[in-house]
Amino acid sequence: MLLPSLRRAALPLLLVSSATLALAALEKLSDDDLRNLPSPGDDFDIHNGALLAPILIPRVSGTEGNFKTQAHFVDFFTKELPSWEILWQNSTSKTPVTGDKDVPFSNLIFRRDPPWAKTGDVARLTLVAHFDSKYTPAGFIGAVDSAAPCAMLMHVARSVDEALTKKWARMEKEGEVDDMLETAEGVQILLLDGEEAFLTWTDTDSLYGAR
Ligand SMILES: *[C@@H]1O[C@H](CO)[C@@H](O)[C@H](O)[C@H]1NC(C)=O
């Protein structure tokens with residue numbers, strides 16, 4: 001996986017995992033394009049928004065709130081976006097506040113590739129946010145850093161899902177799929193664990209999962 005080192009980021013980082021996702025395809029958005037962006041409705045409501053509210057809890061890596069947050073992401077993709085593949089990247093580390101105990105970290109990858117994609121030959125638009133929250137102060141929620149970006153990425157996945165289905169069906173129908181020449185292009189959303197430092201940000205106390 002091509003992941004440049006992630007710096008502390010409150011907003012999702014947009015990474016392009018292959019140069020073949022042509023930058024030349026970028027176009028200026030018109031006012032109409034912006035008006036047509038799908039609305040999340042009430043799903044970002046902080047009290048009972050289906051996407052955001054469940055993430056607005058303390059979710060320090062290795063704690064119950066963190067596991068609940070993982071379950072929220074997995075439930076959402078399993079129920080609402082069954083075409084997306086779910087991959088776990090689990091690891092453990094010791095931290096300055098947990099002594100000899102190994103803290104578990106789980107990065108989650110949600111991925112959708114064109115049906116004709118061959119293993120190892122897919123370029124993916126990659127959107128990333130971390131979901132763990134800071135160990136201190138106790139009870140810290142980290143709404144901007146980075147619960148809201150996670151909810152935004154869930155909404156992005158939901159908003160592009162049907163368009164991807166249609167686009168790929170059309171490409172197959174019109175014989176645009178030439179797997180000898182073109183690299184298939186998919187999308188993946190990385191929701192990463194263990195970005196925050198437990199005590200003070202240093203090279204070793206930070207980026208446990210999200211490195
Ligand atoms: C990774 O850890 C999660 C719990 O955080 C667990 O549910 C999942 O099964 C683990 N996956 C793998 C592949 O070990």
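Up top is the structure these notes are about.
Described below are features of the structure shown in this document. (Residues numbered from 1 in each chain as written. Predicted model: local features only at pLDDT ≥ 70, side-chain atom pairs only at ≥ 80, totals over all residues. Heavy atoms only, no water.)

1. Topic: the overall build of the protein chain
Looking only at helices and strands, the protein chain has three helices and five strands in total. When the helices and strands of the protein chain are placed in sequence order, the string is β-α-α-β-β-β-α-β. Within the protein chain, the proportion of its 211 residues that are buried is 41%. The long-range share in the protein chain, meaning contacts at least 24 apart out of those at least 6 apart in sequence, stands at 70%. (Helix = DSSP H or I, 4+ residues; strand = E, 2+ residues; numbered from the N terminus. Buried < 20%, exposed > 50% of the residue type's maximum accessible area, 1.4 Å probe, protein only. Contact = heavy atoms within 4.5 Å.)

2. Thoughts on the environment of serine 206
Positionally, serine 206 belongs in the segment after β5 (184-192). Separated by 111 residues in the primary sequence, serine 206 and threonine 95 have C-alpha atoms spaced 9.1 Å apart. Residue contacts for serine 206: discarding those within four places in its chain leaves Glu195, Glu196, Ala197, Trp201 and Arg211. A polar contact is formed between the side chain of serine 206 and the backbone oxygen of threonine 202, at a distance of 2.7 Å. (Polar contact = N/O pair within 3.5 Å; in protein donor to acceptor, adjacent residues only side chain to side chain.)

3. As for the pattern of salt bridges
Under the criterion given, the structure shown has eight salt bridges. The salt bridge involving arginine 35 is made with aspartate 32; its shortest N-O contact spans 2.8 Å. Of this pair, arginine 35 and aspartate 32 both sit in helix α1 (residues 31-35), three residues apart, which is roughly one turn of that helix. With relative accessibility at 60%, the residue arginine 35 sits in the exposed group. Overall, the relative accessible area of 47% leaves aspartate 32 in the partly exposed class. Among the ionic pairs, glutamate 176 bridges to arginine 170, the shortest N-O distance being 3.1 Å. Of the residues examined, glutamate 176 reaches a relative accessible area of 39% and is grouped as partly exposed. One connected set of salt bridges, linked through shared partners, spans Arg170, Glu174 and Glu176. (Salt bridge = Lys/Arg side-chain N within 4 Å of Asp/Glu carboxyl O.)

4. Observations concerning the packing of aromatic side chains
A full pass over the atoms with the stated rule returns seven aromatic pairs. Ring plane angle 85° and centroid distance 5.6 Å describe the contact between phenylalanine 198 and tyrosine 208, whose orientation is recorded as edge-to-face. Taken together, the residues span a long stretch of sequence, with phenylalanine 198 in the segment after β5 and tyrosine 208 in the segment after β5 at a distance of 10 residues. You can call phenylalanine 198 buried: its relative accessible area is 5%. Residue classification places tyrosine 208 among the buried positions, given a relative accessible area of 5%. In textbook terms, an aromatic cluster arises when at least three aromatic residues are bridged by ring pairs, as seen for Phe76, Phe77, Trp84 and Phe110. (Phe/Tyr/Trp six-rings, centres within 6.5 Å; stacked < 30°, edge-to-face > 60°.)

5. Some remarks on the site of the ligand
The full set of residues close to the ligand is Gln70, Trp88, Asn90 and Ser106. In this structure, glutamine 70 approaches the ligand through a side-chain N or O atom, which is 2.8 Å from an oxygen atom. Between the ligand and serine 106, the relevant distance is 3.1 Å, taken from an oxygen atom to a side-chain nitrogen or oxygen of the residue. Of the residues assigned to the shell around the ligand, the class counts are one nonpolar, three polar and no charged. (Near = heavy atom within 4 Å. Nonpolar A, V, L, I, M, F, W, Y, C, P; charged D, E, K, R; others polar.)

6. What about the environment of asparagine 107?
Relative to the elements of secondary structure, asparagine 107 occurs in strand β3 (residues 103-112). On the basis of relative accessibility, which here comes to 5%, the residue asparagine 107 falls in the buried class. Separated by 85 residues in sequence, asparagine 107 and leucine 192 have C-alpha atoms that sit 4.4 Å apart. Dropping the residues within four chain positions of it, asparagine 107 is found in contact with Leu87, Trp88, Gln89, Leu191, Leu192, Asp193, Gly209 and Ala210. Reaching out from asparagine 107, the side chain makes a polar contact with the backbone oxygen of glycine 209 at a distance of 2.8 Å.

7. Focus on the pairing of β5
Among the nine residues that make up β5, eight are buried, leaving the element largely enclosed by the rest of the structure. Summarising the sheet, β3 and β5 pair through five bridges and their orientation is antiparallel. Considered in β5, the bridge of phenylalanine 110 is made with isoleucine 189. Across nine bridges, strand β4 (residues 122-130) lies against β5 in parallel orientation. Across the sheet, histidine 130 pairs through a bridge with leucine 192, a residue of β5. (Pairing = 2+ DSSP bridges.)

8. Some remarks on the side chain of threonine 126
Relative to the elements of secondary structure, threonine 126 occurs in strand β4. At 3.0 Å, the side chain of threonine 126 forms a polar contact with the side chain of glutamine 188.

No statement about biological role is implied by the geometric values presented.
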